[in-house]
Amino acid sequence: MLQATKKTQISEEGASGFTLVELLIVISIAGFLLATLGVTIANYLENAREQQTVATLRKIEGLIAERLKGLERAYKKPDFTTFVTRFQKQLQAGDSNQGIPLMPGFSREATEMLARKLFARMLFPQTLSEGIPLSSEDLDGNGVLDAGEDKNGNGTLDYYRTVLDRIRGDQGVQFNYANHTATAESRKTESSELLYYALTSMELFGIAPVPTEFRDTEIRDTDGDGMLEFIDGWGRPLRFYRSPTRLVKPYGMLGPDGYPGSVGDDDAYGVAEDFAEIGFVSQSGPTDDHYISPEWRRFAGLFIGGLPRAPYQGSSGGGVLVNYDQLNQDPDDPYGLLISEFRRLSITNANITPTALVDTERATSPLWNFPTFDVYHKPLVVSAGPDGELGILEPFPTEDLDGDGVLGPNEDFNANGQIDIFGHLAIPGLIVAPTKTAAIPHLPTGTTTFILTTAFDQASDNITNRNRAAGGRR
């Protein structure tokens, strides 16, 4: 009896255990549930970061809109009228001190269009070197720096104040310029810092800053220079592009071949009658500088939602445009007055050359520097999204972010080994030009591919104030 009872006990205890197979199944199920939970949490956090970024961009967009309304009011004030009058005189006579070419006969209407672009630049600075050219340091007009006139203390008679001068004179900001320029990465914060400063601290043209509170998740001093910048949900600085015209036309007003007129029909660069063809739609079709390829439109659509459709080209799909491409309309100059004025003067006046118009994009003068004419643009704020890749050049005049004259680490954005320009106009990070590139030597040369696939891939997850989430997620 005792022996039998013992056997029964052993048998019952053995029956209550788990086999190795059962244990492996349980472990597998637990691992699967943990992995699924991990993915769910990761997706939730990623979605939360994206929604946080969208909320920040919406708030910034509202502030930009308020300041733009203030700018429209400023255009109606006497100060703007006075500025236009003085600016026109400078154009009529030329002003080497401020880099303004000789432009005799330039109309007041066209001057006002340029002045509007200048005022927008002053109200929304992108770089520290940009100027606020409202007055000269030579207050008494005697041509020398007298006591109390050297406002920035550099011993030079300046005709404008840079944004850097203004910030250094702001008692409320402790800006560490050395920290800011220490690396190329820290220099990438510049446009975001200046956008925050302009919106919250800078009064200009009687337009007061907007008192709006931002949370620690929306602003941060990521580079330790004493200036706060807007950040996205991933803690990276946003980028600000005041007039991203190269996003729509990567090659500017001259088109992919770098010459005015249509491909294959160009004379030598600079010929007046050739220059007059810029933006011209003939019976045989648009010139290459007027035509916007589907590829460019698709890339721009990653950043700007709701772009107008491409113009209808007839049942045959040929080169003759049946209606106008709205992306060729400049919101500052909807009737194309500036292009018409430059055409007229370049043909009738030997002192005015085509380069006076074309070189405005690459000019370093505080006054004579403008975005591409006759191109759609609106202020653009960009988050690089989860991958941290923009797909467009940094919003800086050149790739040489630290200003040392050479391409350092993380500065050669399109990998062509050259210090390139126009980043402040949102040029695609990797683009290739056709073989004829005499007028646009900053681009690598190719044959058929214009915007490389890499740029599309990098930009596909970007989030902007003009397109809530790129890549179709709206």
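These notes cover the structure that comes with them.

Parameters at a glance
- Residues numbered from 1 in each chain as written.
- Predicted model: local features only at pLDDT ≥ 70, side-chain atom pairs only at ≥ 80, totals over all residues.
- Heavy atoms only, no water.
- Helix = DSSP H or I, 4+ residues; strand = E, 2+ residues; numbered from the N terminus.
- Buried < 20%, exposed > 50% of the residue type's maximum accessible area, 1.4 Å probe, protein only.
- Contact = heavy atoms within 4.5 Å.
- Areas by Shrake-Rupley, 256 points an atom, 1.4 Å probe, with all protein chains shown as cover.
- Phe/Tyr/Trp six-rings, centres within 6.5 Å; stacked < 30°, edge-to-face > 60°.
- Pairing = 2+ DSSP bridges.
- Expected span 1.5 Å × (residues − 1).

## A word on the overall build of the protein chain
Now for step 1: In terms of regular secondary structure, the protein chain is built from 13 helices and 9 strands.
Now for step 2: Within the protein chain, the fraction of its 474 residues that count as buried is 48%.
Now for step 3: The long-range fraction of contacts in the protein chain, counting pairs at least 24 apart against all pairs at least 6 apart in sequence, stands at 69%.
Now for step 4: As displayed, the protein chain offers around 22,100 Å² of accessible surface, 55% of which is attributable to carbon and sulfur atoms.

## Concerning the environment of Tyr196
Now for step 1: Along the chain, Tyr196 turns up in helix 8 (residues 190–201).
Now for step 2: Distance in space between the C-alpha atoms of Tyr196 and Ile60 is 8.9 Å, their sequence separation being 136 residues.
Now for step 3: Not counting chain neighbours up to four residues away, the residues in contact with Tyr196 comprise Ser201, Phe214, Ile219, Leu228 and Phe230.

## Let's talk about the environment of Phe303
Now for step 1: If you trace the backbone, Phe303 turns up in the loop between helix 10 (294–301) and helix 11 (337–348).
Now for step 2: Considering only alpha carbons, one finds Phe303 and Asn462, 159 residues apart in sequence, at a separation of 7.3 Å.
Now for step 3: The contact partners of Phe303, leaving out residues within four places of it in the chain, are Leu247, Leu380, Val382, Leu390, Ile392, Ala459, Asn462, Thr464, Arg466 and Asn467.

## Description of the packing of aromatic side chains
Now for step 1: Within the structure shown, the criterion is met by 18 aromatic pairs.
Now for step 2: Judged by centre distance (5.9 Å) and plane angle (40 degrees), the rings of Phe83 and Phe87 are tilted. Here Phe83 pairs with Phe87, and both are found in helix 3 (residues 78–93), just 4 residues apart, close to one helical turn.
Now for step 3: With centroids separated by 6.1 Å and ring planes inclined at 40 degrees, the aromatic side chains of Phe370 and Phe373 adopt a geometry described as tilted.
Now for step 4: Using a relative accessible area of 2% as the deciding quantity, one classes Phe373 as buried.

## Overview of the pairing of strand 8 (residues 380–383)
Now for step 1: Burial of strand 8 is two-sided: the residues Leu380 and Val382 facing one way and the residues Val381 and Ser383 facing the other way are all buried.
Now for step 2: Inspection of the sheet shows strand 5 (residues 239–241) paired to strand 8 by 3 bridges, in the antiparallel sense. Within the sheet, the bridge partner assigned to Tyr241 lies in strand 8 and is Leu380.
Now for step 3: Taken together, the 2 bridges between strand 8 and strand 9 (residues 463–464) define a ladder with antiparallel strand orientation. Opposite Ser383, over in strand 9, you have Ile463 as the bridge partner.

## With respect to helix 4 (residues 108–123)
Now for step 1: Here helix 4 is 16 residues long and its end C-alpha atoms lie 22 Å apart, about the 22 Å a rise of 1.5 Å per residue gives.
Now for step 2: Every buried residue of helix 4 is listed here: Ala110, Thr111, Met113, Leu114, Ala115, Lys117, Leu118, Phe119, Arg121, Met122 and Leu123.

## What to know about the sheet that holds strand 8
Now for step 1: Pairing within the open sheet is antiparallel, and its 3 strands lie in the order 5-8-9. On the outer flanks of this sheet lie strand 5 and strand 9, each paired with one strand and no other.

## As for unusual backbone geometry
Now for step 1: Phi at Asp374 is positive, roughly 55 degrees, even though this residue is not glycine.
Now for step 2: Note that Asp374 resides in the loop between helix 12 (355–358) and strand 8.
Now for step 3: With a phi close to 70 degrees, Ala426 is a non-glycine residue in the positive phi region.
Now for step 4: Assignment of secondary structure puts Ala426 in the loop between strand 8 and helix 13 (453–459).

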